[in-house]
Amino acid sequence: MGLYFLCIVLFCVGLYGVLRKRNIVKMIIGLAIMNYSISMFFVLLGYKFHGRAPIESQDQVITNMVDPLPQALVLTSIVIALAVMALLIAVAIRIYERYGTFDITKIKKLKG
Amino acid sequence: MGAINIIPLFVVIPLGAAFIIALFGKFIKRFSDIAAFVTSLGLLACSGYMMMSLQNAPGKLLVYKIGGWAPPFGICLVVDGLSVFISSIISLIGFFVTVYSIAYMEKYTDKSKFFTLFFLMVCGMNGAIITGDIFNLFVFLEIASIASYALVAFGTGHEELEASFKYAIIGSVASCFIFMGIAFLYGFTSTLNMADMARVLSYKQGGMLAPFVGVLFLMGFGLKSALMPFHAWLPDAHSSAPAPVSAMLSGVLIKALGVYSILRIFFNILGATQVFLSALMFLSVVSIVIGGILSLSQWNLKRLMAYSSIGQIGYILLGIGLGTPLGIFGALFHLFNHSIMKSLLFLTAGSIDYAGGGRDLRDMSGIARKMPFTMKSNMIASMAVSGIPPFGGFFSKLIIIIACIQKGHVGYGACAVIGSILTLSAYMKAQKFAFFGDIKDSLKNIKDAPWLMKFSMGALALFCVISGLMLLPGMRIFISDAVQVVLKGTSYSSIILEAALR
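Worth saying up front: this structure is predicted, and the values here are computed from it rather than measured. (Residues numbered from 1 in each chain as written. Chains lettered and ligands numbered in written order. Predicted model: local features only at pLDDT ≥ 70, side-chain atom pairs only at ≥ 80, totals over all residues.)

K.L.:
Help me understand the overall build of chain B in this model?
P.N.:
Scanning chain B from N- to C-terminus turns up 20 helices and two strands. Radius of gyration (C-alpha) of chain B: 22 Å, near the 23 Å computed for a compact globule of 502 residues. C-alpha atoms of chain B, sized along the principal axes, occupy 70 × 60 × 45 Å. Every one of the 502 residues in chain B was classed for burial, and the buried ones make up 61%. Residue pairs at least 24 apart in sequence account for 80% of intrachain contacts in chain B once pairs closer than 6 positions are excluded. (Helix = DSSP H or I, 4+ residues; strand = E, 2+ residues; numbered from the N terminus. Rg over C-alpha atoms; globule rule 2.2 N^0.38 Å. Buried ≥ 20, exposed ≤ 12 C-beta atoms within 10 Å, placed from the backbone. Contact = placed C-beta atoms within 7 Å.)

This is the structure we're talking about:
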């Protein structure tokens, strides 16, 4: 029970990073922490007591294994997070070329 | 080839086109233009064929099992009245925006990459509306969102990059909330198929699960559909993007991803409780009034239209929040009308930008004499959005207001009328400053738009004028089918599961 709660705490840590940090790169790191904490939560949901890894082997008869479906979904989600992160970092590099700073309080051309 | 086998083509055609254009677009001249035109025409034909064949299907439902695996083990693609209604909007507006952008994107570099990202976005939207599996919906949502983050930054100027970064961060936080909601739902029901999930939720008592997951989804999909107070990314993103991207984003993406997902998840899976519907109605009325007020004070033409988008999405969600058949009919009809009208408005703003007029209302005046076609299209779209009688927007807003008063919420109906007046005044301000008056010296040499852009704008203006005809009994059936899907609620799942076993 405590493990699930810790995952949500990690999610809130990431959310704090996105909301309160001024540097663009720190916001991106906060977003990465959020993504990974949710992936961890999802994998933990599939855990069964005394379960073993869901990997097929030739000579063993497998009676109890943890749920493999969340693991497949988390693989997909990690790839999606990777794509978003790559795009965000590319945009951050271009912002530094244009504005000369990573500070989000100084990147304020669009107002109103 | 039966209609069921055509269903995966909605995803396959734009995905294949995106990669082929990326491979060959640079080497063969004009290849990307022709390939884009053929692809969007093919999508339009698919969606029209699907609409016709849905009328003859048993139970007005078509289920395609991917790989032959029956649900709940496999992913199934479900096409019903609501999906085919929104897919027809996506195909129609996608076709006209593609034709427009063949001419407009000459001013930008790398047109082939633009079409790649554009068709990836269309593939994501199409996939999200035809899927019957909740994690598949999340994956397609992400495909469309990532493509749109890149499209907003396409010009790589100062403002585009800032707007794209803001949009990307806020959109990714929304996706995290949605993923958390999906995780909780999977942990409780142990299935990912939407119909199966509805079946399990109906007999397993969840206690506080359904409201908690409902709040998470409302935050996530509210961010995607720009409901107040989650609207902060929309004015920047839609005003800095190139004009065809703004038309696609504001006209289709926020509806296909945001409003459709709210409809599907809250009405067909979780069950729409009165608490949730009241919260939705309150937030949408706040959207209508504040969107109208904020759009009055804008001097950037596209920013004015973007704030007005927030207000109109408020109308759609107000109709949905009412929950009555008339309310949902008005909401879906307004969704159709607003897609056409808002796309046309952004395309005319792009035409002014293409001719050299810029985007600030203080810099332009008197364009009407030099660009009469653009002025007429803009006038038609502005009158339609504000709700002036023979255009379609009037009928949809009237139905929503009547449905409000029928349910007894007279205050909300009065706020909807006030929102309409504010919209009218905002667009009249745009018209006065942009088109009428004496022509400025810097604008003396501008010409009207090229014929490809005129074709798109003219066709969309024609649709604006005749969209009131959707209320005729023969045409009304398309919207009524969609309303039936929403109203059936959680009992819809048994129909899908039984159709899948056939």
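K.L.:
I tried to follow the overall build of chain A on my own but got confused; where do I start?
P.N.:
Broken down by element type, chain A carries three helices and zero strands. Scaling as 2.2 N^0.38, a compact globule of 112 residues should have a C-alpha radius of gyration of about 13 Å, whereas chain A reaches 19 Å, well beyond that. Taken over the C-alpha atoms alone, chain A extends approximately 65 × 30 × 20 Å along its principal axes. Each of the 112 residues in chain A was classed as buried or not, and the buried ones make up 25%. For chain A, the share of sequence-separated contacts (at least 6 apart) that also reach a separation of at least 24 residues comes to 49%.

K.L.:
How should the interface of chain B and chain A be read in this particular structure?
P.N.:
Contact residues are listed per partner, giving 28 residues for chain B and 26 residues for chain A. Element by element, the count of residues in the side of chain B that touches chain A is highest for helix 7 (residues 158-189) of chain B, at 17 residues. Its residues assigned to classes, the side of chain B that touches chain A comprises 17 nonpolar, six polar and five charged. (Nonpolar A, V, L, I, M, F, W, Y, C, P; charged D, E, K, R; others polar.)

K.L.:
It is not clear to me how the confidence of the model for chain B should be interpreted in this structure. Could you clarify?
P.N.:
Regions with low pLDDT should not have their predicted coordinates read in detail. Residues and elements named next belong to chain B. Summary statistics for chain B give a mean pLDDT of 88 and a share of 100% for residues scoring 70 or more. Looking across chain B, the model is least confident in helix 20 (residues 492-500), with a mean pLDDT of 78, and most confident in helix 6 (residues 134-152), with 94. ipTM for the predicted complex: 0.94, alongside a pTM of 0.93. (pLDDT = per-residue confidence, 0-100.)

K.L.:
Any chance you could explain the pairing of strand 2 (residues 76-79) of chain B here in plain terms?
P.N.:
A regular strand carries its side chains on alternate faces of the sheet. Residue and element names in this part refer to chain B. A two-sided burial pattern is seen for strand 2, the buried positions comprising Cys76 and Val78 on one face and Leu77 and Val79 on the other. Looking at chain direction, strand 1 (residues 62-65) and strand 2 are connected through four bridges and run antiparallel. Bridge assignment links Leu62 to a residue of strand 2, and that residue is Val79. (Pairing = 2+ DSSP bridges.)

K.L.:
How should helix 2 (residues 9-24) of chain B be read in this particular structure?
P.N.:
The periodicity of an α-helix, 3.6 residues per turn, causes residues three or four places apart in sequence to face the same way. All names here are of chain B. With 16 residues, helix 2 extends 22 Å from end C-alpha to end C-alpha; this agrees with the ideal 22 Å at 1.5 Å per step. Along helix 2, the residues that are buried comprise Phe10, Val11, Ile13, Pro14, Ala17, Ala18 and Ile21. Where helix 2 is buried, its residues meet helix 3 (31-56), helix 4 (81-104) and helix 5 (111-130). (Expected span 1.5 Å × (residues − 1).)

K.L.:
Which parts of the structure should I look at to understand the nonpolar core?
P.N.:
For soluble globular proteins, nonpolar side chains are generally found buried alongside one another. Residues and elements named next belong to chain B. Core analysis: the biggest nonpolar cluster contains 216 residues, and Met125, Leu332 and Cys464 have the highest contact counts within it. Considering each element in turn, this core owes the most residues, 19 residues, to helix 11 (residues 243-270). Cys464 has contacts with Ile340, Met341, Leu344, Ile380, Ala381, Ala384, Phe391 and Gly392, leaving out every residue within four places of it along the chain. (Core = buried A, V, L, I, M, F, W, Y, C linked by C-beta atoms within 7 Å.)

K.L.:
What should I look at first to understand helix 1 (residues 2-20) of chain A in this one?
P.N.:
Compared with an ideal rise of 1.5 Å per residue, which puts 19 residues at 27 Å, helix 1 of chain A spans 27 Å between its outermost C-alpha atoms and is within 8% of the ideal. Elements in contact with the buried residues of helix 1 of chain A: helix 2 (24-45) of chain A together with helix 7 of chain B.

K.L.:
Looking at this model, I keep getting lost on the environment of Lys444 of chain B. Mind explaining?
P.N.:
Looking at the secondary structure, you find Lys444 of chain B in the loop between helix 17 (410-434) and helix 18 (451-466). Each C-alpha atom of the pair Lys444 of chain B and Gly366 of chain B lies 9.5 Å from the other, and the pair is 78 residues apart in sequence.

K.L.:
Help me understand the packing of helix 12 (residues 274-296) of chain B against helix 13 (residues 301-322) of chain B, please; the structure alone is not making it clear to me.
P.N.:
Packed helices, taken two at a time, are described by the angle their axes make and the gap between the axes. All names here are of chain B. With their axes 7 Å apart at the nearest point, helix 12 and helix 13 run at an angle of 155° to one another. As far as their axial angle goes, helix 13 and helix 12 are roughly antiparallel. Between helix 12 and helix 13 lies a crossing whose hand is left-handed. Split into classes, the residues belonging to the contact of helix 12 with helix 13 amount to 15 nonpolar, nine polar and no charged. (Axes fitted to C-alpha atoms, helices over the stretch in contact; angles between N-to-C directions. Parallel < 35°, antiparallel > 145°, perpendicular 65-115°, else oblique. Left-handed = near helix turned anticlockwise from the far one by under 90°.)

K.L.:
Would you mind going over the packing of helix 14 (residues 325-355) of chain B against helix 18 of chain B with me for this structure?
P.N.:
Residue and element names in this part refer to chain B. Where helix 14 meets helix 18, the axes come as close as 9 Å, and the angle between the chain directions of the two elements is 150°. On the basis of their axis angle, the class for helix 14 and helix 18 is roughly antiparallel. Handedness of the crossing formed by helix 14 with helix 18: left-handed. Across the interface between the two elements, Ile340, Met341, Ser343, Leu344, Leu347, Thr348 and Ser351 of helix 14 pack against Met453, Ser456, Met457, Leu460, Ala461, Phe463 and Cys464 of helix 18. When the residues that make up the contact of helix 14 with helix 18 are grouped by side-chain class, the tally is ten nonpolar, four polar and no charged.

K.L.:
Before we go on, may I ask you to explain the environment of Ile316 of chain B in this structure?
P.N.:
Looking at the element boundaries, Ile316 of chain B is found in helix 13. Owing to 28 C-beta atoms within 10 Å, Ile316 of chain B belongs among the buried residues under this scheme.

K.L.:
Would you take a moment to explain unusual backbone geometry for this structure?
P.N.:
When glycine is set aside, most residues are seen to have a negative phi, and most peptide bonds are trans. Residue and element names in this part refer to chain B. The omega torsion across Met228 and Pro229 is -5°, close enough to zero to call that bond cis. Along the chain, Pro229 turns up in the loop between helix 9 (209-225) and helix 10 (234-240). The phi torsion at Asp110 lies on the positive side, around 65°, for a residue other than glycine.

K.L.:
What is the right way to read the environment of Phe179 of chain B from this model?
P.N.:
Structurally, the position occupied by Phe179 of chain B is in helix 7. When the C-alpha atoms of Phe179 of chain B and Gly468 of chain B are compared, they prove to be 39 Å apart, with 289 residues separating the residues in sequence. Beyond its immediate stretch of four places on either side in the chain, Phe179 of chain B contacts Ile38 and Ser77 of chain A together with Phe138 of chain B.

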